[in-house]
Amino acid sequence: MTLRLLPLVAAGLLAATVFATPALAHEAQLDDVRIAHPFATPTPPGAPNGGAYLDISVAGDSPAMLIGARSPASDSVEIHDMTMNDGVMQMRPLEKLEVTPDSPVRMRPGGGHHLMLMALSEPLAEGDTFPLTLEFAQRGEIEVDVWVQRADEGSEAADGHHDH
Ligand SMILES: [Cu+2]
């Protein structure tokens, strides 16, 4: 397994000095794939599942394919798509999620793609962090730190973070 993780400190310094982005920003790089600001929303006691969100962009010419994820925070992690069907929110698991250079993936609470933590080991509490491993076809795996934040905070931190 090849695991190349840009240390958080280095990423933070780079962001602060070069891009002047918020201190909350954090990201990781796997070859030409960048994972920005992974966060999850707090869950109420007893909630079986939780949602996690992140941005994925690819700098090279060839698309990246997310084919799986896992975390010690839950039994399994599924890639989900949430859509409105006749006024009803529906989530369906995807086997894979393609990210092209032209269309980065930007996961946010409230719709679209997200990662679903299935069967949480314990409720996600604001301020917690947990590791999440993402598996990409060809490019291999990368582990990121997911920060548990309220949806608005997480989204804002992620939104303030786009630097290109
Ligand atoms: Cu879901």
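Scroll up a little and you will see the structure.
Trainee: I tried to follow the overall build of the protein chain on my own but got confused; where do I start?
Mentor: Within the protein chain one finds 2 helices and 11 strands. Overall, the protein chain shows an N-to-C arrangement of helices and strands of α-β-β-β-β-β-β-β-β-β-β-β-α. Looking at the protein chain residue by residue over its 164 residues, the buried ones come to 43%. Of the contacts made within the protein chain by residues no fewer than 6 positions apart, 67% connect residues no fewer than 24 positions apart. Carbon and sulfur atoms make up 54% of the accessible area of the protein chain, which amounts to about 8,400 Å² in all.

Trainee: Mind showing me how you'd approach the side chain of serine 74 here?
Mentor: In this structure, serine 74 sits in strand E5 (residues 74-85). Under the relative-accessibility criterion, serine 74 is labelled buried at 5%. A distance of 2.8 Å separates a polar atom in the side chain of serine 74 from the backbone oxygen of serine 76. Among all residues touching serine 74, those that are not within four sequence positions of it are Leu117, Met118, Ala119, Leu120 and Ser121.

Trainee: What exactly am I supposed to notice about the coordination of the copper ion here?
Mentor: Geometry reference: four tetrahedral donors at a metal, ideal angle 109.5 degrees. Six octahedral donors, ideal angles 90 or 180 degrees. Within the protein, the atoms that donate to the copper ion are His80 (ND1), Met91 (SD), His114 (NE2) and Met116 (SD), at distances of 2.1 to 2.3 Å. One can describe the site at the copper ion as tetrahedral: its 4 donor atoms subtend angles covering 91 to 118 degrees at the metal. In primary-sequence terms, the residues that donate to the copper ion follow H-x10-M-x22-H-x1-M. Remark: histidine 114 occurs in strand E9 (residues 112-120) and histidine 80 occurs in strand E5; sequence separation between them is 34 residues. As far as burial versus exposure is concerned, histidine 80 and histidine 114 are alike and both buried.

Trainee: Please explain the nonpolar core as it appears in this structure.
Mentor: A general tendency of soluble globular proteins is for nonpolar side chains to be buried together. Membership of the largest hydrophobic core comes to 35 residues, with the highest contact counts inside it found for Ile35, Ile56, Leu115, Leu132, Leu134 and Phe136. The biggest single contributor to this core is strand E3 (residues 50-58), with 5 residues.

Trainee: Can you help me understand the pairing of strand E2 (residues 33-40) in this one?
Mentor: Note on strand geometry: in a regular strand, side chains alternate between the two faces of the sheet. Of all 8 residues in E2, 8 are buried, a share of seventy percent or more. Taking the residues that link successive antiparallel strands as the turn, the strand E1 (residues 27-30)-E2 hairpin has 2 residues, and the phi of aspartate 31 there is positive, at about 50 degrees. Direction of pairing for E2 relative to E3: antiparallel, over a ladder of 6 bridges. Along E3, the bridge assignment pairs phenylalanine 39 with tyrosine 53.

Trainee: So what exactly am I meant to see when it comes to the environment of serine 71 here?
Mentor: Mapped onto the elements, serine 71 comes out in the loop between strand E4 (64-70) and E5. A sequence separation of 46 residues divides serine 71 from leucine 117, and the C-alpha atoms of the two residues are 8.0 Å apart. Those residues in contact with serine 71 that lie beyond four places of it in its chain are Val77, Leu117, Phe130, Pro131 and Leu132. Side-chain polar atoms of serine 71 contact the backbone oxygen of proline 131, separated by 2.7 Å.

Trainee: What exactly am I supposed to notice about the pattern of salt bridges here?
Mentor: Once the charged atoms of two side chains with opposite charge are near each other, the side chains can pair. A full pass over the atoms with the stated rule returns 8 salt bridges. Its salt-bridge partner being arginine 139, residue aspartate 32 comes within 2.9 Å of it at the nearest N-O pair. Here aspartate 32, found in the loop between E1 and E2, pairs with arginine 139, found in the loop between strand E10 (129-136) and strand E11 (140-148); they are 107 residues apart in sequence, far enough to count as distant. Judged by its relative accessible area of 21%, aspartate 32 is partly exposed. Arginine 139 gets classed as buried once you look at its relative accessible area, which sits at 12%. Arginine 150 serves as the salt-bridge partner of aspartate 152, at 3.8 Å between the closest nitrogen and oxygen. Ionic contacts of the salt-bridge type, sharing partners, join the residues Glu126, Arg150, Asp152 and Glu153 into one network.

Reading guide: rules and limits
Per-chain numbering applies: the sequence of each chain, read as written, is numbered from 1 onward. Reporting in this predicted model follows two pLDDT cut-offs: at least 70 for local features of residues, and 80 or more for side-chain atom pairs to be given and counted; totals over whole chains, interfaces and linings ignore these cut-offs and use all residues. Each side-chain value is worked out from all heavy atoms of the structure, with water and hydrogens disregarded. Secondary structure elements follow DSSP: runs of H or I of four or more residues count as helices, runs of E of two or more count as strands, with numbering from the N terminus. Partly exposed describes any residue whose relative accessible area lies between the buried limit of under 20% and the exposed limit of over 50%, with all areas from a 1.4 Å probe on protein chains only and scaled to the type maximum. A contact between two residues is defined here by any heavy atoms of the two lying within 4.5 Å. Note on areas: Shrake-Rupley with a 1.4 Å probe; residue coverage comes only from the protein chains shown. Polar contact is the term for a pair of N or O atoms within 3.5 Å; when the atoms are in protein, one must be able to donate a hydrogen and the other to accept it, and sequence-neighboring residues count only if both atoms are side-chain atoms. For Na, K and Ca the donor cut-off is 3.2 Å, while for other metals it is 2.8 Å, and in both cases only N, O and S atoms qualify; water is not among them, so sites may look incomplete. Any coordination sphere not matching a tetrahedral pattern (four donors, all angles between 85 and 135 degrees) or a square planar or octahedral pattern (four or six donors, opposite donors over 155 degrees apart, other angles between 65 and 115) is reported as irregular. Think of a nonpolar core as a cluster: buried Ala, Val, Leu, Ile, Met, Phe, Trp, Tyr and Cys residues, connected wherever their side-chain atoms sit within 4.5 Å. Paired strands, in this sense, are two strands between which DSSP finds at least two bridges. Within this document, salt bridges are pairs made up of a side-chain nitrogen of Lys or Arg and a carboxyl oxygen of Asp or Glu, the two lying within 4 Å of each other.

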